[in-house]
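# Notes for the structure review
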Amino acid sequence: MAERRTKREIAMVVAGIAIVVAAVGPLALHWLTNPPDQRMVDLDVYRSGGQAVLRGAPVYDFLTQPPQLLPFTYPPFAVLVAVPLALLPWAVAQWLWVGLVLLAVTITVRYAFRALLARVGLWAPVLTGVLVALCAYPMPLRDQIRFGQVDVFLVAMCVADCAAPRPRWPRGLLIGLATAVKLIPGVFIVYFLITGRRREAGTAIAGAVAATLGTFLLLPVDSADYWFGALFDSERLGSNTATTNQSIRGMLLRLYLPGPVTALIWLACVGVIAYFGFRAARRTVLAGDEIGGVAITGLIAVAVSPVSWIHHLAWLVVIFGAIVGTGRDPRRLALAAGVWLFYVLTIPWWGITMLAHHLAPRPIGRIVQDAYGLGALGLLLLFCRRRPARKVPERESPRDRVDTSRENSPVGTLGP
């Protein structure tokens, strides 16, 4: 009996992998057969950064080959992580990256949809394959493969650090390392603090500081170049007014208001979103819904960051899981399907067409152009308006309570 069960489990895992390969394979092949100078351009930046380290060249001075001419923009710890890519042939690095992206999506799905997967028993690997395949197609996730981006790895690290029931690592360490790679995951340090997990917040801070100081010892010149120069040059990231910047600041910049006015409005928006967003995250976690809290914090990160490219919305995997919950509520499934379709469609580019050809009043064109960012704000508002299913006494720490996400993740109370 046990042997038969083991064979069945293996068959389910194989079936899940086959579903992912069949569904995502065409997408991966499409981008991997792009013209060479358009293929995985961000992965080329990481790999070129690793090559710069190996040959002793300044990391923050190089540009990738024309026509892209992209600089390395992440903290110096990230370039150390990228060194192994420099040792691989370019074709191998591309295929390996696609596999790792799908692995990161799979890890995120296993945590984000845990309440749903728990209901299907032995069929969980098959359902996981279906969910991974579906999550690969919204544009922010497609761009992970198209550009060879790192966002989904950081999402997986943050979700695992928050949602793993009994992690084998000090909780907070993964968020600390993710923050050392790319600063924006540092919002989860605030998330730990507001949910009463000071020890985990301290671990995250210690991990980020240790990684950063260690890199200072290994790459002192490059570290100084970043922390005292490149960090403050947002234009190194690309045009902040581009449609691909779907942060609040990006939307405001596209209004072309006077600079001080834009900055003042942006800071006011950041304050309001951070205040109400983190309050909602705390309330959600204390109600027993960790995935909902992670989803809210991810949306906060996208909204308040000075630059949030479309691929930064890789948090959608977690958001889908938070909306679906146990999968028993048809309204929640319909909402998740609607959000999925919204981000599959290239709606911001419809706005560009409307503006370029004067197909609608200019304000309407701007709204469509900002659709992904406005959609993220709408989702954040939806989560903020949710009524928690139950309350946990203030003195109870989230790390001490029993995980009740199966019953409360988030239930059919997504309303006023």
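In the block above lies the structure referred to throughout.
What comes next is a walk through the structure. The structure displayed is predicted, hence computed values, not measured ones. (Residues numbered from 1 in each chain as written. Predicted model: local features only at pLDDT ≥ 70, side-chain atom pairs only at ≥ 80, totals over all residues. Heavy atoms only, no water.)

## Topic: unusual backbone geometry
In this structure, P67 follows P66 across a cis peptide bond, with omega equal to 10 degrees. Even without being glycine, M40 reaches a positive phi, approximately 45 degrees. Within the secondary structure layout, M40 lies in the loop between α1 (2-32) and α2 (41-55). According to the relative accessible area criterion, M40 is buried, its value standing at 1%. Notably, H358 is not glycine yet its phi reads approximately 55 degrees, a positive angle. (Helix = DSSP H or I, 4+ residues; strand = E, 2+ residues; numbered from the N terminus. Buried < 20%, exposed > 50% of the residue type's maximum accessible area, 1.4 Å probe, protein only.)

## So, a nonpolar patch on the surface
A contiguous nonpolar surface patch, about 380 Å² in accessible area, is contributed by V92, L96, L100, L103 and I107. Using a relative accessible area of 33% as the deciding quantity, one classes L100 as partly exposed. (Patch = residues over 30% accessible without salt bridge, like charges linked within 9 Å, V, L, I, M, F, W, Y side chains within 5 Å. Areas by Shrake-Rupley, 256 points an atom, 1.4 Å probe, with all protein chains shown as cover. Salt bridge = Lys/Arg side-chain N within 4 Å of Asp/Glu carboxyl O.)

## Overview of the packing of aromatic side chains
Going through the model one piece at a time under the given rule, you end up with 14 aromatic pairs. Look at Y46 and W97: their rings are 5.9 Å apart centre to centre, the planes differ by 45 degrees, and that puts the pair in the tilted class. Remark: W97 occurs in helix α4 (residues 90-112) and Y46 occurs in helix α2; sequence separation between them is 51 residues. On the basis of relative accessible area, Y46 is assigned to the buried category, the value being 6%. Given the relative accessible area of 8%, W97 is considered buried. Judged by centre distance (6.2 Å) and plane angle (55 degrees), the rings of F342 and Y372 are tilted. One end of the pair, F342, is in helix α17 (residues 330-344); the other, Y372, is in helix α20 (residues 371-384), with 30 residues separating them in the sequence. Exposure remark for F342: the relative accessible area of 27% places this residue in the partly exposed category. A network of ring pairs unites the aromatic residues Y46, Y60, F72, Y74, W97, F153, Y226 and W227 as a single cluster. (Phe/Tyr/Trp six-rings, centres within 6.5 Å; stacked < 30°, edge-to-face > 60°.)

## Focus: α4
Between the first and last C-alpha of α4 there are 33 Å, a value that for 23 residues agrees with the 33 Å anticipated at 1.5 Å per step. The complete set of buried residues in α4 reads A93, Q94, W97, V98, V101, L102, A104, V105, T108, V109, Y111 and A112. (Expected span 1.5 Å × (residues − 1).)

## Observations regarding helix α3 (residues 76-86)
The element α3 is largely enclosed, with a buried count of eight among its eleven residues. Considered for burial, the residues of α3 that qualify are P76, F77, A78, V79, A82, V83, L85 and A86.

## Looking at the layout of surface pockets
Here the second largest pocket defines a volume of roughly 500 Å³. Lining the second largest pocket are 23 residues; nearest its centre among them are V81, W97, V150, F153 and M157. Among the elements of the structure, α3, α4, α8 (151-163) and α9 (173-181) are those that each provide at least two residues to the lining of the second largest pocket. Its residues assigned to classes, the lining of the second largest pocket comprises 23 nonpolar, no polar and no charged. (1 Å grid on protein atoms, 1.4 Å probe; cavity = no way out; pocket = protein on both sides within 12 Å on 5 of 7 lines; lining within 4 Å. Points joined across faces, edges and corners; volume = space filled by probe spheres on them. Nonpolar A, V, L, I, M, F, W, Y, C, P; charged D, E, K, R; others polar.)

## Thoughts on the packing of α4 against helix α7 (residues 139-147)
Close contact between α4 and α7 brings their axes to 9 Å; oriented N to C, the two are set at 150 degrees. One finds that α4 runs roughly antiparallel with respect to α7. Facing W97, V98, V101 and V105 of α4, the residues of α7 in contact are L141, Q144 and I145. Its residues assigned to classes, the contact of α4 with α7 comprises six nonpolar, one polar and no charged. (Axes fitted to C-alpha atoms, helices over the stretch in contact; angles between N-to-C directions. Parallel < 35°, antiparallel > 145°, perpendicular 65-115°, else oblique. Contact = heavy atoms within 4.5 Å.)

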